[in-house]
Amino acid sequence: MRNFTIESVILLAAFLGSGRAAWAQKPGLEVPLVTPGPGWKTCPRCENEAHVAEDRKKANVDTHAFDPHDISGVWGDNGIELDLKTLPPFTPYGQTLYNATKSDSPEWNSKDPMNICDPLGYPRAFAYNYGMEFIQLPDRVLQFFELSHTWRTIWTDGRKLPPHPPILRYMGYSVGRWDGDTFIVETSGFDDRSWVSEDRRGRRHGFPHTSEMRVVETYKRLNYGMLQATLTVIDPKVYTQAWTTTGTATLRPNAEIGEYLCVPSDSIDFNNRNTLPADAATAK
Amino acid sequence: MLRRSLKITALFAILVFPVANWPVLAHHGTALWQAGEVAQKGTVVDYVWRNPHVLVVWSVKDDSGKVVQWTGELASPESLMADGGMTRDTLKPGDAVIMYVRPAKSGAPNSVIDQIKRADGTTVLRWSRQAGGTEEERAARTKNREAAEADKAKN
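Residues numbered from 1 in each chain as written. Chains lettered and ligands numbered in written order. Predicted model: local features only at pLDDT ≥ 70, side-chain atom pairs only at ≥ 80, totals over all residues. Heavy atoms only, no water.

(A) Summary view of the packing of aromatic side chains. Residue and element names in this part refer to chain A. Evaluation of the coordinates by the stated rule reveals 12 aromatic pairs over all chains. The interplanar angle of 25° and the centroid separation of 5.9 Å between the aromatic rings of Tyr98 and Phe207 together place this pair among those described as stacked. Highlighted residues: Tyr98 in helix H3 (residues 92-100) and Phe207 in strand S8 (residues 205-207), separated in sequence by 109 residues. Ring centres 5.1 Å apart and planes at 45° place the aromatic pair Trp178 and Phe183 in the tilted group. A residue is classified by how much of its surface remains accessible, and Phe183, at 1% relative accessible area, is buried. One aromatic cluster is present, formed by Phe90, Tyr98, Phe207, Tyr239 and Trp243 through successive ring pairs. (Phe/Tyr/Trp six-rings, centres within 6.5 Å; stacked < 30°, edge-to-face > 60°. Helix = DSSP H or I, 4+ residues; strand = E, 2+ residues; numbered from the N terminus. Buried < 20%, exposed > 50% of the residue type's maximum accessible area, 1.4 Å probe, protein only.)

(B) Focus on the pattern of salt bridges. Residue and element names in this part refer to chain B. Under the definition given, this model contains 23 salt bridges over all chains. Here Asp83 and Arg129 are joined by a salt bridge, their closest N and O atoms 2.8 Å apart. A residue pair is termed long-range when its members are at least 10 positions apart, and Asp83 in helix H2 (residues 77-84) and Arg129 in the loop between strand S6 (123-125) and helix H3 (135-154) qualify at 46 residues. Both residues of the pair, Asp83 and Arg129, count as buried. (Salt bridge = Lys/Arg side-chain N within 4 Å of Asp/Glu carboxyl O.)

(C) The domain arrangement of chain A, seen in detail. All names here are of chain A. By domain assignment, chain A separates into domain 1 (4-58 + 260-283) and domain 2 (73-250). Considering only the surface of domain 1 that becomes buried against domain 2, Pro44, Arg45 and Tyr260 emerge as the three largest contributors, covering 44% of it. For the pair domain 1 and domain 2, the interface holds 0 salt bridges. Broken down by secondary-structure element, the contributors of at least two residues to the side of domain 1 that touches domain 2 are helix H5 (264-278) and helix H6 (280-283). At 6 residues, H5 tops the list of elements feeding residues into the side of domain 1 that touches domain 2. Tallied by class, the residues present in the side of domain 1 that touches domain 2 amount to 11 nonpolar, 3 polar and 3 charged. (Domains from an automatic or database assignment. Buried area = accessible area lost by both parts, 1.4 Å probe. Nonpolar A, V, L, I, M, F, W, Y, C, P; charged D, E, K, R; others polar.)

(D) Looking closely at unusual backbone geometry. For the bond running from Tyr122(A) to Pro123(A), omega is 15°, close enough to zero to count as cis. If you trace the backbone, Pro123(A) turns up in the loop between H3 and helix H4 (124-127). A cis amide bond, omega 5°, links Asn51(B) with the succeeding residue Pro52(B). One can find Pro52(B) in the loop between strand S1 (38-48) and strand S2 (55-61). Phi at Asn60(A) is positive, roughly 50°, even though this residue is not glycine. With relative accessibility at 45%, the residue Asn60(A) sits in the partly exposed group.

What follows is the structure, encoded as structure tokens:
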């Protein structure tokens, strides 16, 4: 019996310590890089970590010369998730809005606007985007997001934010300016139907905002291949303090934005074919 | 004795890696799926290479000989290119496959796909981020599966 127990413990330890097993390891360079063809690049999400590391090494991203006032390029993989450690308490009204986002099902977030391809809006597109690209023009910076295949315009021609815009926008109205080597973006005029972000703690809620939310971002190119970003959500009706997230995005030298459109008919078809039948709460 | 230990250990491995502890990937959670994984030999009926998630439909004969059509989800096409080099041509109707899936808690023939092999044993997709799990948990699942298959082959 003692030997039997020892054998079991040894085998269990082998199970627990087998993270190096080939089948369990994350995909690497053995996976062929998929591109549309010669001269075309892959999309930011279409290459695994090993290929990304190899591309960045080939591009000498750590030592490559760079202009600190040029943030153009394809950045990141999936966005910078909002920092839950700095999430401030809700106001009573904010708590009410948060409660209203609660899923009808304990098993998936049935109220996520993304399920039916409603726009992610901003700053959710900052937190979840499959990669993004900055393009700098003389009077504006364009930011393209892979997820939802959408963009926003950050005006740098000196205009001010509209105090009372005639129509509210999912991505808001954005203006930008340089302060030293830091690019500062201010955004307001948000449509309040989007979420700031989904709440990944259990996936049953979203973080709400009002149309009075303001978002302030900073971007600083630390070197050729690294972009430091901060994002602050200011919405006193919902959050008792400003909510700041800090993170970095990495340059993806061998990637170009693809076409991840959120197609309503495809999303509805997907949910009808697999999510809803699998949900015990709705399948009955 | 060793085989007995293996069985006990495999069972224990299943018990100590409940789905509740698997981190959630992508924007969908993994709470819809059972903890246990099953392997199904089947024939591809449909391969839907689209966002938000790729779907595979395959037919399986159950123990009574009745043909049941199963549906399973994978990650996005973009993620599958990264994780397995898959493309829109990787699977086609009529392909003989072995699907490793976690079935739906609801009991419906729906699932999340963990791995795909062809009937000859070659691997189509060994890593499915949609099925969740840390590297260590994936290692345990893989080892558990291989042990069960080896045990079955011996018997």
